[in-house]
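# Structural overview for review
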Amino acid sequence: MNKDSKCDAIEEMFPAPKLAALGLQHVLVMYAGAIAVPLIIGSALNLSKDQIAMLISADLFCCGIVTLIQCLGIWNIGARLPIMMGIGFTAVPPIIATGTDPDLGMPGVLGAVIASGVFTLLAAPYFSRWVRFFPAVVTGTVMLVIGLSLMRVGVNWAAGGQPMIKGPDGLIPNPAYGQPFALAVAAIVLVSILLMTRFLKGFLANLAVLFGIGIGFAIAVAFGKVDFQGVADASWVTVVTPFAFGMPVFDLWASVALCTVMIVMMIEATGQILAVGDMAGRTITEADLARGLRTDGIGNVIGGIFNTFTYTTYAQNVGLLQITGVMSRWAVAAGGIVLILLGCLPKIAFITASIPSYVVGGAAIVMFGMVSATGVKILSRVDFVANRRNLYIVAVSVGLAMIPVVADKIFAQLPEFIDRFFHSGVLVGTFSAVLLNLLFNGIPRREEVQSVLLGEGAVRHPG
């Protein structure tokens with residue numbers, strides 16, 4: 001690597017107490033996003049409370065391991081930069097689509113996660129060549145589609161769960177759906193996050209989502225709406241066990257969907273790695289980038305083995321580096337150790353799993369909306385005036401991606417492999433955007449794409 005004097009900040013070591021405090025600060029910034037994904041997926045797949053608690057423990061445990069790999073490096077994996085790794089929202093729609101398939105369930109999800117990890121490991125060294133197929137008009141469209149696809153999940157959560165639940169004779173209307181109390185608490189959480197984002201400063205503003213969830217949880221506890229069953233019986237310390245849902249099942253279309261999403265996540269990670277390198281005064285080479293992207297891949301493999309999902313760089317922690325000016329990779333690695341310890345404390349996971357869905361739903365509307373907003377922000381750099389054909393790329397791709405969201409049974413009478421492909425709005429939207437961009441704009445030169453990535457370094461959604 002090419003370095004200047006600033007790069008010493010990456011290797012700066014602090015006394016143990018300060019190191020622990022800096023690491024805990026990074027954990028607090030990313031904690032809400034990290035626990036939200038297993039909560040959302042667990043609820044969408046109708047998992048039991050103890051299974052959701054296990055997902056949360058596994059997630060925190062794997063976040064810590066993958067963060068240590070990214071910061072410290074193992075062989076040719078890990079950028080050795082102060083980058084916190086966490087579970088990302090981007091893959092939630094295809095994960096839910098796979099998990100709700102009765103033939104696949106969680107084993108199918110974990111198989112797809114492992115397959116996407118292997119794909120990412122193999123693709124990382126060649127990614128600089130592939131990224132030309134994902135200019136801003138494509139990545140912006142995909143991010144917009146992902147956020148829109150997630151919003152149905154967030155709204156249902158805010159309303160108190162799914163509109164239909166299992167009854168003795170099949171699906172029946174959920175009597176808890178849309179209850180005024182649930183809607184009121186979700187609204188309070190949403191408003192609290194907005195107000196704290198507006199009036200809090202610096203580090204505290206980064207904790208707005210966590211504070212908002214805490215306020216909603218406190219209200220639910222005060223009104224006796226929280227079931228703490230299982231907390232007392234949970235042990236204080238446990239070991240996260242691999243393959244708790246059984247051996248993974250490898251399904252072609254589920255794997256293709258997640259591999260497609262991983263390309264988008266690698267583009268996000270590329271921007272984050274370049275941004276951190278720029279802040280630290282370090283020139284990021286293609287070898288550095290490949291090592292950083294391989295961490296996403298090995299994170300997915302580890303996640304699939306330990307019953308959790310896909311991993312990527314966390315944008316809010318990159319923002320924390322900018323706020324504090326502390327660029328030490330050892331401080332972020334200390335955060336990884338804190339996460340591993342939290343993952344081995346099941347009582348904390350059970351308390352987190354006790355948070356009612358409408359509490360997280362209020363926060364989810366913000367977080368999922370931010371994913372779409374990031375897509376809009378990326379699209380703002382696209383020329384829609386001189387090249388009006390870009391409008392068709394966005395319009396058609398978003399339209400096609402929304403079909404399974406608004407009418408999930410529309411392709412049920414077609415051959416199974418077609419139904420499986422079109423069942424994932426993210427997969428359809430991504431393929432449409434890539435193909436339409438090739439049709440209207442051709443293949444951009446590699447130099448053009450590299451300059452775009454360098455310019456997009458800090459433009460990413462929260463987790």
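Being a predicted model, the structure only gives us computed values, none of them experimental.

Moving on, we get to the overall build of the protein chain. On a plain count of helices and strands, the protein chain comes out with 19 helices and 4 strands. Residue burial in the protein chain is summarised as follows: out of 463 residues, 58% are buried. Taking contacts inside the protein chain between residues at least 6 apart in sequence as the whole, the part at least 24 apart equals 83%. Element-wise, carbon and sulfur atoms account for 67% of the exposed surface of the protein chain, whose accessible area totals about 18700 Å².

All right, on to the pattern of salt bridges then. Per the stated rule, a full pass over the model turns up 2 salt bridges. For R329, the salt bridge identified is with E11, shortest N-O distance 3.0 Å. Taken together, the positions of R329 in helix α13 (residues 329-343) and E11 in the segment before α1 (16-44) put the pair 318 residues apart, joining distant regions of the chain. Accessibility expressed as a relative area gives 11% for R329, which makes it buried. With a closest N to O distance of 2.5 Å, D288 and R291 form a salt bridge. Within this pair, D288 and its partner R291 are both found in helix α11 (residues 286-305), separated by 3 residues, close to a single helical turn. Assessed through its relative accessible area of 3%, D288 is described here as buried.

What follows deals with the side chain of S255. Along the chain, S255 turns up in helix α10 (residues 252-280). A distance of 2.8 Å separates a polar atom in the side chain of S255 from the backbone oxygen of D251. When sequence neighbours within four positions are dropped, the list of residues in contact with S255 reads G111, A112 and A115.

So, about α11. Between its first and last C-alpha, α11 extends 29 Å over 20 residues, near the 28 Å set by a 1.5 Å rise per residue. With 16 of 20 residues buried, α11 is to be regarded as a mostly interior element. Just past α11, the residue N307 takes up positive phi, approximately 70°.

Here the focus is the packing of helix α2 (residues 49-72) against α11. One way to put it is that α2 packs onto α11 with a least axis distance of 10 Å and a crossing angle of 155°. Compared by their axis directions, α2 and α11 come out roughly antiparallel. The handedness of the crossing between α2 and α11 is right-handed. Contact with α2, carried on its side by C62, I65, V66, I69 and Q70, involves R291, G292, T295, I298, G299, I302 and G303 of α11 and no other residues of that element. Considering only residue class, the contact of α2 with α11 consists of 6 nonpolar, 5 polar and 1 charged.

For the rest of this paragraph, the subject is α2. Counting along an α-helix, one turn takes 3.6 residues, and residues three or four places apart therefore face a common direction. The end-to-end C-alpha separation of α2 is 35 Å, in line with the 34 Å expected for 24 residues at 1.5 Å each. Among the 24 residues of α2, 18 are classified as buried, and the element is accordingly described as predominantly covered. Backbone geometry just after α2 places G73 at a positive phi near 85°.

Another point: unusual backbone geometry. Backbone geometry places W75, a non-glycine residue, at a positive phi of 55°. Within the secondary structure, W75 is located in the loop between α2 and β1 (85-87). You will see that F243, though not glycine, has its phi angle at about 55°, which is positive. With respect to the element layout, F243 can be found in the loop between α9 (208-222) and α10. The partly exposed category is assigned to F243, whose relative accessible area is 29%.

So, about the nonpolar core. Side chains of nonpolar character tend, in soluble globular proteins, to be buried together. Counting residues in hydrophobic clusters, the biggest one holds 130 residues, and the most contacted among them are I40, F89, M106 and F309. With 14 residues, the single largest contributor to this core is α10.

Residue-level pLDDT values for the protein chain average 81, and 89% of them are 70 or greater. Element-level mean pLDDT values for the protein chain span from 51 in helix α19 (residues 446-455) up to 94 in helix α4 (residues 105-123). Ignoring residues within four places in sequence, the model shows residues 1-7, a span with pLDDT below 50, making 14 contacts including any to other chains. Contacts from residues 454-463, a stretch scored under 50 in pLDDT, to residues over four places away or in other chains number 36 contacts.

Following both chains from N to C, one finds helix α7 (residues 180-199) and helix α15 (residues 357-379) inclined at 45°, their axes separated by 8 Å at the closest point. As the angle between them shows, α7 and α15 are arranged oblique. Here α7 runs over α15; the crossing is right-handed. Of α15, the residues touching α7 (which contributes F181, A182, V185, A186, V189, L190 and I193) are Y358, V359, G362, A363 and V366. Each residue belonging to the contact of α7 with α15 can be placed in one class, and the counts come to 11 nonpolar, 1 polar and no charged.

Across all of its chains, the model carries 4 aromatic pairs by this definition. When the ring of F181 is compared with that of Y358, the centres are 5.9 Å apart and the planes differ by 85°; the resulting orientation is edge-to-face. Here F181, found in helix α7, pairs with Y358, found in helix α15; they are 177 residues apart in sequence, far enough to count as distant. Grouped by ring-pair contacts, the aromatic residues F181, F223 and Y358 constitute a single cluster. The ring of F181 is capped by K225, whose NZ or CZ atom sits 5.3 Å from the centre of that ring.

Locating F245 in the fold gives a position in the loop between α9 and α10. Each C-alpha atom, one on F245 and one on G105, is 9.3 Å from the other, the two residues being 140 residues apart in sequence. With residues up to four places along the chain from it excluded, the contact list for F245 reads L47, Q51, M54, L55, M106, P107, L110 and N307.

Below, the discussion takes up the side chain of N390. Inspection of the secondary structure assignment puts N390 in helix α16 (residues 389-406). Among the residues examined, N390 registers a relative accessible area of 5% and is labelled buried. Ignoring anything within four residues of it in the chain, the contact list for N390 reads V137, V382, D383, F384 and N441.

Calculation criteria
Residues numbered from 1 in each chain as written. Predicted model: local features only at pLDDT ≥ 70, side-chain atom pairs only at ≥ 80, totals over all residues. Heavy atoms only, no water. Helix = DSSP H or I, 4+ residues; strand = E, 2+ residues; numbered from the N terminus. Buried < 20%, exposed > 50% of the residue type's maximum accessible area, 1.4 Å probe, protein only. Contact = heavy atoms within 4.5 Å. Areas by Shrake-Rupley, 256 points an atom, 1.4 Å probe, with all protein chains shown as cover. Salt bridge = Lys/Arg side-chain N within 4 Å of Asp/Glu carboxyl O. Polar contact = N/O pair within 3.5 Å; in protein donor to acceptor, adjacent residues only side chain to side chain. Expected span 1.5 Å × (residues − 1). Axes fitted to C-alpha atoms, helices over the stretch in contact; angles between N-to-C directions. Parallel < 35°, antiparallel > 145°, perpendicular 65-115°, else oblique. Left-handed = near helix turned anticlockwise from the far one by under 90°. Nonpolar A, V, L, I, M, F, W, Y, C, P; charged D, E, K, R; others polar. Core = buried A, V, L, I, M, F, W, Y, C linked by side-chain atoms within 4.5 Å. pLDDT = per-residue confidence, 0-100. Phe/Tyr/Trp six-rings, centres within 6.5 Å; stacked < 30°, edge-to-face > 60°. Lys NZ or Arg CZ within 6 Å of the ring centre and 35° of its normal.

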